[in-house]
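# What the coordinates show
What follows is each chain in one-letter form.
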Amino acid sequence: MPARIFFSLLITLVVGLFSGRGHADVSQGPNDPGRPEAVLVVHGGAGDLSRMMLTPFERNAYRSALEEALLAGYARLQNGDAALDAVQAAIIVLEDSPYFNAGRGAVFNSAGDIELDAAIMDGRSKEAGAVAIVQGVRNPILLARAVKEKSGHVMLAGKGARRFAKRQGFDLVGERYFRTDRQWRAYKRAKKARNGGVTNSNLSRDSDEQRLTWRERKYGTVGAIARDRYGNLAAGGSTGGSFFKRPGRIGDTPIVGAGVYADNATCAVAGTGEGEFFIRLSLAYQICSETARIGLVQSAEKAVLKDLASLNAKGGVIALAPVGPPAAIFNTKAMFRGVINDQGSVSIHIFADEDTSDNGL
């Protein structure tokens, strides 16, 4: 082979190798061996509701919002972004929706105020950020991430979180932005029930005596977990807290290890349910801690169906390991949940008796 041709081929090979550096994983197809399957899972709360409790319009509205969240996060994953970015993108959509107990659709506390909690965790470094009882922040998940990356702390709460938001340039909104007619009516009914002798603690639990609708009693935290094409995990959650809660109450969502947890070595988890019990059990961390020992599904089932149920508490989790399909485990009649896989296939479910053999949710 003439030297001129040899060196020309060599230069072409070298240029091709260097031009692909840092992008090899991005250019691989979805079925290429050796690359983790990217996946995003979301939930929109759990509760004991039946099909009769949802109108066709409501069912479609919930499904549409979940699908929009999945597609928003999927776009980030397909762009080669980190799992953390996908989780954030998905939760923003759910916070902006009036149908979930997070952001715009959040519930009122017993004083008629809206106090928001959120957390996000990166499985690569186990860094996390959280906010609690914050007011006026349209997307608490964005503030939680700012806490993680710019505050030097893990959690900020109340007025301190609000001041931090202002310093970070967040545009604060008035309470009218968050107030939906549905949640305001629920608050007025609960206030009337309290004035009639129903205790504040009873209002946070199911009670036929109160005659409150499932919308007023459901556990509506939103959450997301993701695995990117580099094998990184992330988890996040956002909530308005329990319905008619005491002012200043903080649930499990902003508490790392209770409502959310992510570790590349084990799993990512986002939960929804009665937060006090999730906190007492360190439920999210417990699932990840035991995943390496007994498997993802088994550890999630133990945490929810055995440990949580043993305390007479209700709720559920979505969970994802470094490899393999995700899982959704809950002990309620329904949990709003959805998944999008590496090929862009979307699957959304609401009720416990739906056929989920195709995706494990």
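Described below are features of the structure shown in this document. These figures come from a predicted structure and were not determined experimentally.

### Quick word on the sheet that holds strand β10 (residues 327–330)
The antiparallel open sheet is built from four strands, whose spatial order is β7-β8-β9-β10. Edge positions in the sheet fall to β7 (260–262) and β10, since each has one partner strand and no second. Taking the axes of each pair of neighbouring strands and ignoring which way they run, one obtains an average angle of 10° across the sheet. Summarising the sheet, strand β9 (residues 315–320) and β10 pair through four bridges and their orientation is antiparallel. When the bridges of β10 are listed, Val317 appears paired with Ile329. Strands β9 and β10 of the sheet are contacted by helix α13 (residues 296–310), whose axis makes an angle of about 10° with β10.

### Here's the deal with the state of the cysteines
For the structure shown, the criterion picks out one disulfide. Between the sulfur of Cys267 and that of Cys288 lies a disulfide, 2.2 Å long from S to S. Disulfide Cys267-Cys288: torsion about the S-S bond near -110°, hence left-handed. Here Cys267 is found in the loop between β7 and β8 (268–273), whereas its partner Cys288 is found in helix α12 (residues 283–294), with 21 residues between them in sequence. The pair Cys267 / Cys288 is uniform in exposure class, with both members buried.

### Quick word on the packing of aromatic side chains
Note on aromatic pairs: each is described by the distance of the centres and the angle between the planes. Per the stated rule, a full pass over the model turns up 11 aromatic pairs. With a centroid separation of 5.4 Å and an interplanar angle of 75°, the aromatic rings of Tyr62 and Phe100 are classed as edge-to-face. Separated by 38 residues along the polypeptide, Tyr62 in helix α3 (residues 56–78) and Phe100 in the loop between α4 (83–96) and β2 (116–122) bring together distant segments of the chain. When sorted by exposure, Tyr62 lands in the same class as Phe100, which is buried. Between Phe108 and Tyr187, the ring centres sit 5.7 Å apart and the planes meet at 40°, which makes this aromatic pair tilted. Of this pair, Phe108 sits in the loop between α4 and β2 while Tyr187 is found in helix α8 (residues 181–195), placing the two residues 79 residues apart along the sequence.

Conventions used here
- Residues numbered from 1 in each chain as written.
- Predicted model: local features only at pLDDT ≥ 70, side-chain atom pairs only at ≥ 80, totals over all residues.
- Heavy atoms only, no water.
- Pairing = 2+ DSSP bridges.
- Helix = DSSP H or I, 4+ residues; strand = E, 2+ residues; numbered from the N terminus.
- Axes fitted to C-alpha atoms, helices over the stretch in contact; angles between N-to-C directions.
- Contact = heavy atoms within 4.5 Å.
- Disulfide = S-S within 2.5 Å.
- Buried < 20%, exposed > 50% of the residue type's maximum accessible area, 1.4 Å probe, protein only.
- Phe/Tyr/Trp six-rings, centres within 6.5 Å; stacked < 30°, edge-to-face > 60°.

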